[in-house]
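Chain and residue survey
Here is how the chains run, residue by residue.
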Number of protein chains: 12
Amino acid sequence: MTRKIFVLNGPNLNLLGTREPEIYGSKTLESISSECRALGVKKGLDLEFRQSNHEGDLVDWIQEAIGVADGIVINAGAYTHTSVAIHDALRSFDGYKIELHISNPHLREPFRHVSYVSSAVDSIVAGLGVDAYELLVDILADALDGQARKN
Amino acid sequence: MTRKIFVLNGPNLNLLGTREPEIYGSKTLESISSECRALGVKKGLDLEFRQSNHEGDLVDWIQEAIGVADGIVINAGAYTHTSVAIHDALRSFDGYKIELHISNPHLREPFRHVSYVSSAVDSIVAGLGVDAYELLVDILADALDGQARKN
Amino acid sequence: MTRKIFVLNGPNLNLLGTREPEIYGSKTLESISSECRALGVKKGLDLEFRQSNHEGDLVDWIQEAIGVADGIVINAGAYTHTSVAIHDALRSFDGYKIELHISNPHLREPFRHVSYVSSAVDSIVAGLGVDAYELLVDILADALDGQARKN
Amino acid sequence: MTRKIFVLNGPNLNLLGTREPEIYGSKTLESISSECRALGVKKGLDLEFRQSNHEGDLVDWIQEAIGVADGIVINAGAYTHTSVAIHDALRSFDGYKIELHISNPHLREPFRHVSYVSSAVDSIVAGLGVDAYELLVDILADALDGQARKN
Amino acid sequence: MTRKIFVLNGPNLNLLGTREPEIYGSKTLESISSECRALGVKKGLDLEFRQSNHEGDLVDWIQEAIGVADGIVINAGAYTHTSVAIHDALRSFDGYKIELHISNPHLREPFRHVSYVSSAVDSIVAGLGVDAYELLVDILADALDGQARKN
Amino acid sequence: MTRKIFVLNGPNLNLLGTREPEIYGSKTLESISSECRALGVKKGLDLEFRQSNHEGDLVDWIQEAIGVADGIVINAGAYTHTSVAIHDALRSFDGYKIELHISNPHLREPFRHVSYVSSAVDSIVAGLGVDAYELLVDILADALDGQARKN
Amino acid sequence: MTRKIFVLNGPNLNLLGTREPEIYGSKTLESISSECRALGVKKGLDLEFRQSNHEGDLVDWIQEAIGVADGIVINAGAYTHTSVAIHDALRSFDGYKIELHISNPHLREPFRHVSYVSSAVDSIVAGLGVDAYELLVDILADALDGQARKN
Amino acid sequence: MTRKIFVLNGPNLNLLGTREPEIYGSKTLESISSECRALGVKKGLDLEFRQSNHEGDLVDWIQEAIGVADGIVINAGAYTHTSVAIHDALRSFDGYKIELHISNPHLREPFRHVSYVSSAVDSIVAGLGVDAYELLVDILADALDGQARKN
Amino acid sequence: MTRKIFVLNGPNLNLLGTREPEIYGSKTLESISSECRALGVKKGLDLEFRQSNHEGDLVDWIQEAIGVADGIVINAGAYTHTSVAIHDALRSFDGYKIELHISNPHLREPFRHVSYVSSAVDSIVAGLGVDAYELLVDILADALDGQARKN
Amino acid sequence: MTRKIFVLNGPNLNLLGTREPEIYGSKTLESISSECRALGVKKGLDLEFRQSNHEGDLVDWIQEAIGVADGIVINAGAYTHTSVAIHDALRSFDGYKIELHISNPHLREPFRHVSYVSSAVDSIVAGLGVDAYELLVDILADALDGQARKN
Amino acid sequence: MTRKIFVLNGPNLNLLGTREPEIYGSKTLESISSECRALGVKKGLDLEFRQSNHEGDLVDWIQEAIGVADGIVINAGAYTHTSVAIHDALRSFDGYKIELHISNPHLREPFRHVSYVSSAVDSIVAGLGVDAYELLVDILADALDGQARKN
Amino acid sequence: MTRKIFVLNGPNLNLLGTREPEIYGSKTLESISSECRALGVKKGLDLEFRQSNHEGDLVDWIQEAIGVADGIVINAGAYTHTSVAIHDALRSFDGYKIELHISNPHLREPFRHVSYVSSAVDSIVAGLGVDAYELLVDILADALDGQARKN
């Protein structure tokens, strides 16, 4: 059985690969998406990559995942620190949820140390770079399996 | 070449597997250690598992890792939220550093939302359960490779 | 004379009736809208029900109400606690304004105890459940009459 | 069956109708009480209106309501913002509880934005003026019916 | 014309003269009251001295002063720092209002540096000792005259 | 010589034994009072039990204890967290003073973690249940003896 | 060479000229835009005026400016005080950036004293009224020249 | 014996009588000084009036008073809220010290509710208008007499 | 059946009896231990007294108590205010737990008013002096009996 | 008619041109003054440039401007963040007031994000470099004209 | 080569030796200055002692030191806790800078625990009494030598 | 007579000389210890150098110093900011106590601006580099002599 996973990306993540490549690397979100989806196929995961600068789009997509997806990976970008709406939407989704940050937000400004996403997800992965998207395929496969084992 | 990794565990983590198994599972730290070290061998990682309830031991061990280890995985337990000493020791270690939490601390009391470890490490992994120890073998192998690629 | 009333609903309120029915009941926003509009007709109120997960839509609709509507009922959902934009739009609307919450936000997390909407409306109704939508038809009729009496 | 409702009013509400009539209207608490009790009879509610400037009286009366009344409407006035004692008493009362404010406290000083009553009641109604007392007859009738339906 | 002045004293001020005489002197509130009333007669002021340990009594008495008294002197004691109810009652009284403290509260604990009375009165006199009661007869006579001159 | 002890109980403690018996037990304050007074007689303590929902009553009674009683046990209930007036009265009483809480307030809401009573008493006993009233007979006898030994 | 400048306006600024003209004047954003563009032509600036009530639109447009525009003038309205997403987008834009406020936000509510935009721009202009839009043509011409001189 | 009193006035008090006469009256500091000195002569007080906009002048003058003056009246104006230097100088002066404010600072902005002067003086008089300068002649005469009586 | 009780003492408590005897008395921890153990024997309690200046020792000993002891008395000294590790260990121990302080920490510096121990124990006893150790034998015997009665 | 403008500069601005020229440029305050006064002549503005390291001088000069000048430009330097005295003086000046900062204070330490000047002026200009002095000639001419147009 | 050192003393330090000699000793600032200058001569340091109660004087003098002095010793007294202007001036001085306090400010009021000087100097010496002035001759000689060795 | 001095060093100070030599120099703690002890011999001081990463060791050693040593120099490293236990131990030691920091903590993160050590020592020396250890031999000799002179 193929599991459906939404990989939702928030504001400014569409600039990946074109801005500050010494920090974020030169991979674009599109190439990350391609590589991950290919890896997902091998692991039995159907990955749906999306990006928007609109908070409301992220809320819409999380709601769309209800009843459709087994898990959500969310890199909410700047909305991580300000969005109660995304927090609420995530809490309405019963599947497995992972919060992803490319860099480690605790090395940046104090207003990035607060996350409304963290208290609405199962797991948090931060600071592993853009490779984290590839790594999460393994993690999710295992996590969903673990969840399955528990049930 | 085999890489040396220290996996340091803080206070009360020696109780793993014996307390609240419905949350933390029934694996002990010893069995986790065994499985991870076995997996590490396959990945070219020599994992050194240690646990102590003493803040000073964790500082001692991080210092011991300097010049010896390529990376540190640290689950500082309760010292995560109070120890500037561990923060300072970690900043003296130049290798790859990952902060690990079995559960998601943002679902617990407010005093667990603050981490002195987060601002001294490269990456953070939380809420993936005891399986996270096994997962980090993959993560570390990839991360150290990524670091290698950058250099 | 029929009075026009906008009933604006914020993020995640489109999930009403399908999530946690033991708390929020099993009525959908659509059925609430139908019942209220029917009741409104009897009371001389033309109710315009809308919902969006986008903060900007709520701002757009409040502006649309200027010069068109006699009153606004707003359940801003999560934006209640974070949106200065909605606060400003409401202050530009001169008609009668009521803030509505289905549950009592003071029984939930501390970040839900702060409201940017409360200081921009005339009245606040919270914790009366989904029946509050039906009740507000009476309240608004009376409130607008009271306002009329004052002028 | 007639339901018993306590309508408890805190400090300075006995001045209603005599102070700042342009804001609070010219109705006294006595005339409000009369009109509401009359309306209550039609709705099957026996309303008990009381007012005191003493925090302890309000606590006494809430306790008196235990086992006697089906609901409490409380306009705790200034004690809203300072009284843990009233909070505790309300939590000991199992019936339906509504917090009432004539004006919208969020348009006033910051110390009026905090309420110890809000986290001990089912519902909150604010800013509807002195007419709110009349409106709550409808609200309570419906609310108690709603509660009945749930049980 | 004789002016009526209420001199209201809050909790623990009935202990004056019997506790810590080295700080507060050995005059009782009764003897202060006698001396002040005698002095008041000469200045055309009819002084009404009262003391209570009950917050509600102070609110009752301030309300009683409405329409009856030209001024209020209030030493609210500990309620100075906690009572919004007294603040509200004072704001309903249109006459001249002075806050009085025997000692200087800024030389004591931080929780005594906050006053809900100060923002509801015209004037504040603190740290002048028990003689302040006698001094206020002069002050009030002048202040009421000044107010008269302004009108 | 028989020592006089005031045991003063604040708001809502008159509900003991009738509310949430699984937490507070089924003993009423009256039966606790009877048992303690009987035990007190054996220990040479004359215990005076009182309860009120009025802050002012507690202040009145503490003042009444001056010169009459050797010690005060005070369970100020909700006033623990808000009453400077009780704090001041207790500081005027020179005898031995114990603060008593049936449950442990640190396991409840944050506003119960602050106590104005704690900084005005000699000792604090919390979380020992209703049996604490019986235990304090021993404690007080010993404490007063200890105080005697010091003098 | 003509320089491209984006002039981005946030929520509720489309109401300019129609609301509170005694404060904001009677010019609409359209007439301001026309006048500024005309003046810009003389100064060698091609001004692109846009307005949206949607936070995401502002982020989209700032990204659109990358590589296209030499400067951004942003009046983010209410999003000034809440949007980390706009902050991040601005930091990705390397050209000259000015924050503009028609009125002086420090004369308004405290929540308007905080700006996430200020720490992402080069310059701030506030309180110069709607004429500020015309003035910025001069300022930008000079500023871009100054920047040119530095390089 | 004539007692020497320094009456020190801080920044902007030289504008008295020329700015906002409806609030502060039309008396200048010079005319207040003349009237007070005349009154002082009758009461055996030699009043030295000074004003400066410089914090350092106020510190200099307080030091000058040491060993020369029996008392200081200080209206430190804006330095009330910011000057630790004046606080320290006042604490070095052993005579009687009164803090004077023409208006009641608690009716103004929050930053005027904090006073570094209050914790360095014996007494505080606020909100009595410009007449307070005349009144303090009486107060000081009495206060110094009271101090004398104590010694 | 003899019950096992651990009496754990934190940093600097080994100095008891030798420092500030006018406050803490002249009994050493050893003599207190001897007297308590003797009394414990009579009450059926086997008391294990330990002291360490090391936070980790206290964590080790609490863990050692799991499965071995029926109760823990802990005077964590300075670690009371800083140790999350001790908090966590205590929460892993299911037996009866009492927090003990010789003096009343609320009469000392503000940083001693916060306790990480209080929210992890059943009961708190403070300010009863060194005699508290003897008193707790009674308390524990009763408390464990009470617990037994509940089960 | 020539308008008089005071351009007041606070502490350390006399170092302009000699310190950190890469940030602040190499123009001295004297050369800026010369250029601006020359430009002012053309625009009908008589600019009075002053600088002092003394808070009191700035207060003196603002008072001197009353009745003499049409506008004040103030770069209060470090006193921006600490001076209530300058705030008060500015509020006594009825002409047009602009706050000027050469660099953007929001890019510096948090204590520079607070301004007592901002809430006492009409307009704020920051981060435009030393050229801002020249630009303000245009701005002031326009602003004073705008003000004239309003009157 | 003789090195020039400015020793700058802030408000109230001119009272040294005459106030509270049991704490500060009986040496005046003049005698300290004489002794230090004599010692300085031996160490190759030309010490310039100054004192003022004016914040602006201290700023003036620090600026005067630029290009003239090799080091500054500053005891800013009360301005330590409030002066951003002194902070800024010190940061413009490139030589060696030491902050000096005669007593230990952490044993005094909380507002003395904050220092704007500390973050603008190289070194801090506090609580060594008036002898610190003599000691700093040694320290400075060594420190300047150390600095020399580094360059 | 030789005086005994404990020089206690906290966590990570054993890394001195091997980490960031450009900041901390290349001297190890051992070589510093040797040089200081040699210098101490000349000054009549017997210096006992110790280092540990364990908070409890520092507490143990401070206690060991009681009755044995005349003074303590403590560089508590990271425990400076978190250890109440070390604070308490230091307060139990009656000899002369100096807090030492190699770098100036006010130039680092905010959590290093708080010190529990500062309020338990006589003197503080910070930012003088590793040479501070040598300098303190002079300081201590003088300080102890000064103390001797006072007694």
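All figures in this text were calculated on a predicted structure; none of them were measured in a lab.

Calculation criteria
- Residues numbered from 1 in each chain as written.
- Chains lettered and ligands numbered in written order.
- Predicted model: local features only at pLDDT ≥ 70, side-chain atom pairs only at ≥ 80, totals over all residues.
- Heavy atoms only, no water.
- Buried < 20%, exposed > 50% of the residue type's maximum accessible area, 1.4 Å probe, protein only.
- Helix = DSSP H or I, 4+ residues; strand = E, 2+ residues; numbered from the N terminus.
- Pairing = 2+ DSSP bridges.
- Right-handed = clockwise from strand over helix to strand, strands pointing away.
- Least-squares fit on C-alpha atoms with pLDDT ≥ 70 in both.
- Contact = heavy atoms within 4.5 Å.
- Buried area = accessible area lost by both parts, 1.4 Å probe.
- Salt bridge = Lys/Arg side-chain N within 4 Å of Asp/Glu carboxyl O.
- Polar contact = N/O pair within 3.5 Å; in protein donor to acceptor, adjacent residues only side chain to side chain.
- Axes fitted to C-alpha atoms, helices over the stretch in contact; angles between N-to-C directions.
- Phe/Tyr/Trp six-rings, centres within 6.5 Å; stacked < 30°, edge-to-face > 60°.
- Nonpolar A, V, L, I, M, F, W, Y, C, P; charged D, E, K, R; others polar.
- Parallel < 35°, antiparallel > 145°, perpendicular 65-115°, else oblique.
- Expected span 1.5 Å × (residues − 1).
- Arc of directions from axis to C-beta.

With respect to the pairing of strand β4 (residues 96-101) of chain I
Residue and element names in this part refer to chain I. β4 sits mainly inside the fold: six of its six residues count as buried. The side-chain alternation of β4 yields two buried faces, one formed by Y96, I98 and L100 and the other by K97, E99 and H101. In this sheet, β4 lies alongside strand β3 (residues 71-75) in parallel orientation, the contact comprising four bridges. Along β4, the bridge assignment pairs G71 with Y96. Assessed by its sense of winding, the connection that carries the chain from β3 through helix α4 (residues 84-92) to β4 is right-handed.

A look at the relation of the copies chain L and chain I
Expressed as a screw operation, the relation of chain L to chain I combines 0.0 Å of axial shift with a rotation of 120°, fitting to an RMSD of 0.0 Å. When the rotation and shift are considered jointly, the pair of chain copies conforms to a three-fold rotation axis. Taken together, the interface assignments show that only 16% of the residues at the interface of chain L recur at the interface of chain I, consistent with different surfaces on the two copies.

Considering the interface of chain L and chain I
Taken together, the contact between chain L and chain I spans 19 residues of the former and 16 residues of the latter. Buried surface at the junction of chain L and chain I, both sides included, amounts to about 1300 Å², of which 47% is carbon and sulfur. Contact with chain I buries area across many residues of chain L, yet Q63(L), V84(L) and D88(L) alone supply 33% of it, more than any other trio. Taken together, chain L and chain I are joined by three salt bridges. Where R91(L) meets E109(I), a salt bridge forms, and the shortest distance between an N and an O atom there is 2.5 Å. Counting every contact that joins chain L to chain I gives eleven residue pairs in polar contact (both at pLDDT 80 or more). At the level of secondary structure, the elements contributing two or more residues to the side of chain L that touches chain I comprise α3 (55-65) and α4 (84-92) of chain L.

Overview of unusual backbone geometry
Residue and element names in this part refer to chain C. Even without glycine at this site, N12 takes up a positive phi of about 75°. Tracing the backbone through its elements, the reader meets N12 in the loop between β1 (3-9) and α1 (21-24). N12 sits in the buried class, given a relative accessible area of 11%.

Quick word on the sheet that holds strand β2 (residues 45-51) of chain I
The sheet built from ten strands is open, its strands ordered β2(F)-β1(F)-β3(F)-β4(F)-β5(F)-β5(I)-β4(I)-β3(I)-β1(I)-β2(I) with mixed pairing. With partners counted over all chains shown, the strands left at the sheet margins are β2 (45-51) of chain F together with β2 of chain I, one partner each. Ignoring which end each strand starts from, the neighbouring axes of this sheet average 15° apart. Helix α3 (residues 55-65) of chain F contacts β1 (3-9), β2 and β3 (71-75) of chain F of the sheet and is inclined by roughly 175° relative to β1(F). Taken strand by strand, helix α2 (residues 29-43) of chain I contacts β1 (3-9) and β2 of chain I, and its axis lies near 165° from that of β2(I).

Things to note about α4(L)
All names here are of chain L. For α4, the tally of buried residues reaches eight of nine residues, placing the bulk of the element in the interior. For α4, the full list of buried residues reads V84, A85, I86, H87, D88, A89, L90 and S92. Elements in contact with the buried residues of α4: α3, β3 (71-75) and β4 (96-101). The N-capping residue of α4, defined by a side-chain oxygen 3.4 Å from the backbone nitrogen of A85, is S83.

Considerations on the relation of the copies chain D and chain C
Screw-axis analysis of chain D against chain C gives a translation of 0.0 Å along the axis, an RMSD of 0.0 Å, and a rotation angle of 180°. Such a combination of turn and shift is consistent with a two-fold rotation axis. No C-alpha of chain D lies nearer the rotation axis than that of V125(D), which sits 2.3 Å from it. Both copies contact each other with a shared surface, as 100% of the interface residues of chain D are interface residues in chain C too.

Section: the pattern of salt bridges
Inspection of the entire model under this criterion finds 126 salt bridges over all chains. Residues R50(G) and E64(G) are paired through a salt bridge, measuring 2.8 Å at the closest nitrogen-oxygen approach. Of this pair, R50(G) sits in strand β2 (residues 45-51) while E64(G) sits in helix α3 (residues 55-65); the two residues are 14 residues apart in sequence, bridging distant segments of the chain. Residues joined in a network through salt bridges with shared partners are K4(A), D46(A), E48(A), R50(A) and E64(A).

Some details on the packing of aromatic side chains
How two aromatic rings sit relative to each other is set out by the distance from centre to centre and by the angle between their planes. Residues and elements named next belong to chain C. Across all of its chains, the model carries 24 aromatic pairs over all chains by this definition. An angle of 40° between the planes, with centres 5.8 Å apart, marks the rings of F49 and Y133 as tilted. Residue F49 is found in strand β2 (residues 45-51), and its partner Y133 is found in helix α5 (residues 131-150); the two are separated by 84 residues along the sequence. Summarising the burial analysis for this pair, F49 and Y133 share the class buried.

Quick look at the interface of chain D and chain C
In this complex, chain D contributes 20 residues to the contact, which on the side of chain C involves 20 residues. Roughly 1800 Å² is buried in total at the junction of chain D and chain C, and carbon and sulfur atoms are behind 55% of that figure. One can count zero salt bridges joining chain D with chain C. There are eight residue pairs in polar contact (both at pLDDT 80 or more) connecting chain D and chain C. Looking at the side of chain D that touches chain C, the elements that each hand over two or more residues are β5 (123-126) and α5 (131-150) of chain D. Considering each element in turn, the side of chain D that touches chain C owes the most residues, six residues, to α5(D). Each residue belonging to the side of chain D that touches chain C can be placed in one class, and the counts come to nine nonpolar, six polar and five charged. For strand β5 (residues 123-126) of chain C and β5(D), the ladder comprises three bridges, and the chain directions are antiparallel. When the sheet's bridge partners are listed, A126(C) is paired in β5(D) with I124(D).

So, the packing of helix α3 (residues 55-65) of chain E against helix α4 (residues 84-91) of chain E
Residues and elements named next belong to chain E. Two elements in contact, α3 and α4, have axes whose closest approach is 9 Å; the angle formed by their N-to-C orientations is 5°. By the angle between their axes, α3 is roughly parallel relative to α4. Across the interface between the two elements, E55, L58, V59 and I62 of α3 pack against A85, I86, A89 and L90 of α4. For the contact of α3 with α4, the class distribution of residues is seven nonpolar, no polar and one charged.

A short note on the arrangement of the chains
One finds no contact linking chain B with chain E; the least C-alpha distance across the pair is 25 Å. No part of chain G reaches chain L; the closest C-alpha pair between them is 20 Å apart.

Focus: the side chain of N104(F)
Along the chain, the position of N104(F) falls in the loop between β4 (96-101) and β5 (123-126). Residue classification places N104(F) among the buried positions, given a relative accessible area of 4%. A distance of 2.8 Å separates a polar atom in the side chain of N104(F) from the backbone oxygen of S118(I). Apart from residues no more than four positions distant in its own chain, N104(F) is found in contact with G127(F), S118(I), V121(I), D122(I) and I124(I).

Quick notes on helix α2 (residues 29-43) of chain A
Since the α-helix advances by 3.6 residues per turn, residues separated by three or four positions end up pointing in the same direction. Residue and element names in this part refer to chain A. Spanning 15 residues, α2 covers 20 Å between terminal C-alpha atoms, matching the ideal 21 Å at 1.5 Å per step. Residues of α2 that are buried: L29, I32, S33, C36 and G40. For α2, the angular spread of the buried residues around the axis is 95°, confining them to a single face. Looking at α2, the residues exposed on the side facing more than 90 degrees away from the buried face are E30, V41 and K42.

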